[in-house]
Amino acid sequence: MSTALPPGLPAPAQEPVAKPYWDGTRAGKLVIQRCKGCGAHQWGPEWVCHRCHSFDLGWEEVAPRGRIWSWQRPHHPVHPALNGHGPYTIVLVELPEAGNVRMVGNLICEPTAPVEIGAEVEAVFEPHDDAEPPYTLVQWRVKG
Amino acid sequence: MSERTLRGKVAIAGIGETAYYKHGQSPDAEFKLALQAIIAACRDAGIDPKEVDGFASYGNDRSEAVRLAAALGIKELRFSNMHWGGGGGGVAASVANAAAAVHSGMANCVIAFRSLAQGQFARYGRGAAVAAAVGDDAFLFPYGLMSPAQRFAMKITRFMTEHGIRHEALRSIAMASYHHAQNNPRAVMYGRPLTQEKYDASRWIVEPFHRLFDCCQENDGAGAVIVVPADRAKDLPHKPTYLLGTAQGGHHRSAAPVHNAPDYGSAHFPTVARNMWAMAKLGPHDVDVVQAYENFTGGVLLSLVEHGFVDPTTANEFLVLENLLAPTGRMPMNTSGGNLAECYMHGLEMVNEAVRQLRGTANNQVPDAEVVAVLGGPMVTPVSSLVLGTEATL
Ligand SMILES: [Zn+2]
C-alpha cells in the first residue's frame with residue numbers, strides 16, 4: 001500500500017515507555033495507556049499517571065476512531081524527504097471513546113480538500129515493513 | 001509578613017545590543033556578540049562590566065555565564081541562571097530571574113541577555129536531521145510535523161476557527177511590526193516595507209494561518225539589559241525603568257505530551273498573565289505600549305487575548321493596522337519592529353524597546369509612555385511576561 005508521505009522521514013524510535021503502542025499498531029490495533037489505579041486514559045505515554053500518581057499504568061485497546069480537533073496543511077518542506085512533495089495534511093484527532101486523548105497523524109485526502117474541525121475520522125494503519133525495525137504509523141481518513 | 005513582590009524593587013539601568021543581521025550574516029562569533037551587547041548595556045548604565053556579578057538567560061543560550069565572567073574579568077560571580085524551555089518563552093523570565101537575584105541579595109548587578117548566531121550554529125525552521133525520532137517527536141516527525149511553525153499551527157487553527165477570527169487580523173499584526181521598522185535604522189527590515197498586497201501574495205508556510213509574513217525571521221545578534229536594585233538606579237545616568245510585575249510558568253498540563261494540553265488553543269498565558277497583573281497591581285487598560293513577541297502572528301493574537309488586551313469576540317474589528325501604530329493607535333504594539341521586522345533576538349530586543357519607550361527615546365515614541373508590557377514568546381511552555389513603568393507608576 002502507498003504511504004501518506006514520501007519515504008525518508010525519521011522513523012519512530014519505539015522506546016520502552018511506548019512499546020505496547022507500537023506492538024499494537026503492528027497488529028492493527030490502537031493501544032494506549034490506561035491507569036490501573038484510577039482508570040484515566042493517558043496519551044502520549046508517560047511513566048506516571050498524571051491524575052493519581054500511580055506508576056501502575058496498563059495498556060488497553062481503544063476504538064480506532066475519533067473526530068478532528070484541529071488541523072494544518074504544511075507547504076514549506078521541513079525535511080529533505082519532503083522537497084518537491086507539495087502540501088500535505090496533519091490532523092489532531094480527539095478520541096471521545098478513550099477519555100478524549102488526542103493523537104497526531106496525517107489525514108489521507110487530496111491536498112486541496114477542505115478539512116472540518118469536528119469531522120469524524122477512523123484510523124488507517126500504515127505499515128512500514130521494510131524499515132529496520134519495522135513499524136506501523138496510524139493515519140486517519142474521514143468516515144464515509 | 002511583608003508583601004512578597006518585585007514591584008518597584010529593581011530597575012533596568014542599561015540596555016545594549018549589537019548590530020542586527022540576517023541569519024548567518026554576522027561577521028562575529030556568537031560569544032563575541034554576547035560580549036558586545038553586555039558591554040554596551042554596562043556602558044549605557046555607567047557601570048563597569050567588572051561590577052556585574054550575575055547572568056540570566058533562556059532558550060539554552062550557548063554563551064555560558066562562567067565563560068562570560070572569565071572573559072570580562074568579573075571579580076566575583078554570584079548568580080548564573082538558565083531558564084528552561086526553547087525559543088523566547090523565557091525572555092521576561094530572564095529579567096525576572098535577574099530581578100529576583102538582585103532583590104533577594106544573592107547578587108547586586110545582573111545581566112539578562114540573549115545571543116544568537118545561526119550561521120555558526122543550526123537554524124530553527126527545519127527539522128533536525130535524525131534517523132529515529134525519540135520522545136514526543138516519535139509521534140510527530142514521521143507525520144512531517146517537525147518545525148516550530150507546525151508545532152503551533154494547530155493551536156492557532158483551533159482558536160481562530162472556534163472564534164471566527166479572520167486571517168486579516170494577523171495581517172495587521174505583521175504590518176504593524178513592518179511599519180514601525182521603517183522608522184528604525186537598527187531594524188533588519190528597515191527600508192523593506194510590507195504592503196497588504198505583498199502580504200496577501202506571500203507563499204504559504206502552513207495553511208490555514210501561516211503565510212510567509214506571519215512567521216518570524218531568523219537572525220544573528222545579541223541583546224542585554226542590566227538589572228540593579230531600585231535605589232541604586234536613581235544614581236545612574238538614565239531615568240530608571242522599574243519592574244512592576246512579572247510571572248512565568250504554564251497553566252494546567254500545558255506541556256502535556258503529543259498535543260494533549262487540556263486548554264489546547266492557547267498561548268499558555270492564562271495563569272501567567274493573571275499573576276503578572278496581580279504583582280503589577282495593574283491591568284491591560286493601564287498599558288501605554290505593548291511589546292508582544294511574534295514567533296508567529298497567530299501566537300500574538302492568543303497572547304494578546306490571554307493578557308486581556310483583545311476580546312476574541314471583537315478581534316476582527318480591533319486588530320486593524322491603525323489601532324496598532326505609534327504614536328496615536330489605541331494599542332501601539334511592537335514599536336521597534338519586533339521579532340518580525342527589527343530582529344528575531346528572541347524578544348530581548350523588545351525589552352530594550354520597552355525601556356526606550358519609558359525613557360522617551362524610542363524611534364516610534366508613544367508620547368508620555370508610563371507603562372509598557374512585554375509579552376514573551378507565546379505557545380511554548382513555560383512562558384513569561386513582564387510590565388515595566390516609570391517612577392510615576394510606583
Ligand atoms: Zn491514575
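Residues numbered from 1 in each chain as written. Chains lettered and ligands numbered in written order. Predicted model: local features only at pLDDT ≥ 70, side-chain atom pairs only at ≥ 80, totals over all residues. Heavy atoms only, no water.

Note: predicted coordinates in regions of low pLDDT should not be interpreted at a detailed level. With 97% of its residues at a pLDDT of at least 70, chain B reaches an overall mean of 96. Predicted as a complex, the structure gets a pTM of 0.97 and an ipTM equal to 0.98. (pLDDT = per-residue confidence, 0-100.)

Before going further, it helps to examine the pattern of salt bridges. Taken as a whole and assessed by the stated rule, the structure comprises 21 salt bridges over all chains. Here Glu94(A) makes a salt bridge to Arg67(A), at a shortest N to O gap of 3.0 Å. Of this pair, Glu94(A) sits in strand S6 (residues 90–95) while Arg67(A) sits in strand S5 (residues 65–74), and the two are 27 residues apart along the sequence. Judged by its relative accessible area of 8%, Glu94(A) falls in the buried class. Taking relative accessible area as the criterion, Arg67(A) reaches 36% and is therefore assigned partly exposed. A salt bridge links Lys143(A) to Glu120(A); the shortest N-O distance between them is 3.7 Å. One end of the pair, Lys143(A), is in the segment after strand S9 (135–142); the other, Glu120(A), is in strand S8 (residues 120–128), with 23 residues separating them in the sequence. When salt bridges with common partners are traced through the structure, they connect Glu17(B), Arg186(B), Glu342(B), Glu353(B) and Arg356(B) into a single cluster. (Salt bridge = Lys/Arg side-chain N within 4 Å of Asp/Glu carboxyl O. Helix = DSSP H or I, 4+ residues; strand = E, 2+ residues; numbered from the N terminus. Buried < 20%, exposed > 50% of the residue type's maximum accessible area, 1.4 Å probe, protein only.)

All names here are of chain A. Note on the zinc ion: its protein donors are Cys35 (SG), Cys38 (SG), Cys49 (SG) and Cys52 (SG). The metal-donor distances range over 2.3 to 2.4 Å. Each of the four donor atoms bound to the zinc ion contributes to angles spanning 99 to 116 degrees, and the resulting shape is tetrahedral. Each donor residue of the zinc ion lies on one chain, and together they are spaced C-x2-C-x10-C-x2-C. Linking Cys35 in strand S2 (residues 30–35) with Cys52 in the loop between strand S3 (41–42) and strand S4 (57–62), this pair joins segments that are 17 residues apart in sequence. (Donors = N, O, S within 2.8 Å, 3.2 Å for Na, K, Ca; no water. Tetrahedral: all angles 85-135°; square planar, octahedral: opposite > 155°, others 65-115°.)

Moving on to the sheet that holds S3(A). Residue and element names in this part refer to chain A. If you walk across this open sheet you meet the three strands as S3-S2-S4, and the pairing is antiparallel. The sheet terminates laterally at S3 and S4, the two strands that pair on one side only. Bridge count between S2 and S4: six bridges; the pairing is antiparallel. Bridge assignment links Cys35 to a residue of S4, and that residue is Leu57. Sheet strands in contact with helix H1 (residues 19–26) are S2 and S4, and its direction is about 150 degrees off that of S2. (Pairing = 2+ DSSP bridges. Contact = heavy atoms within 4.5 Å. Axes fitted to C-alpha atoms, helices over the stretch in contact; angles between N-to-C directions.)

Here we come to the interface of chain A and chain B. Listed as interface residues are 41 residues of chain A and, on the opposing side, 39 residues of chain B. Note on chain A versus chain B: buried area summed over both sides is about 3400 Å², and carbon and sulfur give 57% of it. By the criterion of area lost to chain B, the three top residues of chain A are Gln72(A), Val78(A) and Val104(A), representing 18% of everything that side buries. Taken together, chain A and chain B are joined by zero salt bridges. Put simply, chain A and chain B have 23 residue pairs in polar contact (both at pLDDT 80 or more) between them. Of all the elements in the fold, those that place two or more residues in the side of chain A that touches chain B are strand S1 (11–12), H1, S5, S6, strand S7 (101–106) and S9 of chain A. For the side of chain A that touches chain B, the element with the highest residue contribution is S5(A), accounting for six residues. Across the side of chain A that touches chain B, the residue classes tally to 27 nonpolar, 11 polar and three charged. (Buried area = accessible area lost by both parts, 1.4 Å probe. Polar contact = N/O pair within 3.5 Å; in protein donor to acceptor, adjacent residues only side chain to side chain. Nonpolar A, V, L, I, M, F, W, Y, C, P; charged D, E, K, R; others polar.)

The next thing to look at is unusual backbone geometry. The peptide bond linking Glu132(A) to Pro133(A) adopts the cis configuration, its omega dihedral lying at -5 degrees. Its location among the elements puts Pro133(A) in the loop between S8 and S9. Following Glu207(B), the chain continues to Pro208(B) via a peptide bond in cis, the omega torsion being 5 degrees. Inspection of the secondary structure assignment puts Pro208(B) in the loop between strand S7 (204–207) and strand S8 (210–211). In the Ramachandran plot, Asn60(B) falls in the positive-phi region, its phi being about 55 degrees despite a non-glycine side chain.

All names here are of chain B. The interhelical angle for the contact between helix H4 (residues 148–163) and helix H9 (residues 297–306), taken along N-to-C directions, is 60 degrees, at an axis separation of 9 Å. Classified by the angle their axes make, H4 and H9 are oblique. The chirality of how H4 crosses H9 is left-handed. Between H4 and H9, the contacting residues are Ile156, Phe159 and Met160 on the first element and Gly298, Gly299, Leu301, Leu302 and Val305 on the second. A per-class count over the contact of H4 with H9 returns six nonpolar, two polar and no charged. (Parallel < 35°, antiparallel > 145°, perpendicular 65-115°, else oblique. Left-handed = near helix turned anticlockwise from the far one by under 90°.)

This structure, assessed with the given rule, holds 10 aromatic pairs over all chains. For the pair Trp22(A) and Phe139(B), a centre-to-centre distance of 5.5 Å together with 5 degrees between the ring planes defines the contact as stacked. Of this pair, Trp22(A) sits in helix H1 while Phe139(B) is found in the loop between strand S6 (132–133) and H4, placing the two residues in two different chains. No difference in accessibility class separates Trp22(A) from Phe139(B), as the two residues are buried. Summarising the aromatic geometry, the rings of Trp277(B) and Phe309(B) are spaced 5.8 Å apart at their centres and angled 65 degrees between planes, so their arrangement reads as edge-to-face. Of this pair, Trp277(B) sits in helix H8 (residues 270–280) while Phe309(B) sits in the loop between H9 and helix H10 (315–318), placing them 32 residues apart in sequence. Residue Trp277(B) is classed as buried on the basis of its relative accessible area of 10%. Residue Phe309(B) is classed as buried on the basis of its relative accessible area, which comes to 12%. (Phe/Tyr/Trp six-rings, centres within 6.5 Å; stacked < 30°, edge-to-face > 60°.)

With that out of the way, let us pick up the packing of helix H5 (residues 167–181) of chain B against H9(B). Residues and elements named next belong to chain B. The geometry of H5 relative to H9 is characterised by a closest axis approach of 9 Å and an angle of 100 degrees between their N-to-C directions. Considering their axes alone, H5 and H9 lie roughly perpendicular with respect to each other. Touching Leu170, Ile173 and Ala174 of H5 are Thr297, Gly298, Val300 and Leu301, all from H9. For the contact of H5 with H9, the residue count by class is five nonpolar, two polar and no charged.

Bridge analysis of S5(A) against S7(B) gives two bridges, and the strand direction is antiparallel. Across the sheet, Arg73(A) pairs through a bridge with Glu207(B), a residue of S7(B). Between S7(B) and S8(B), which pair antiparallel and follow one another directly, the connecting turn spans two residues.

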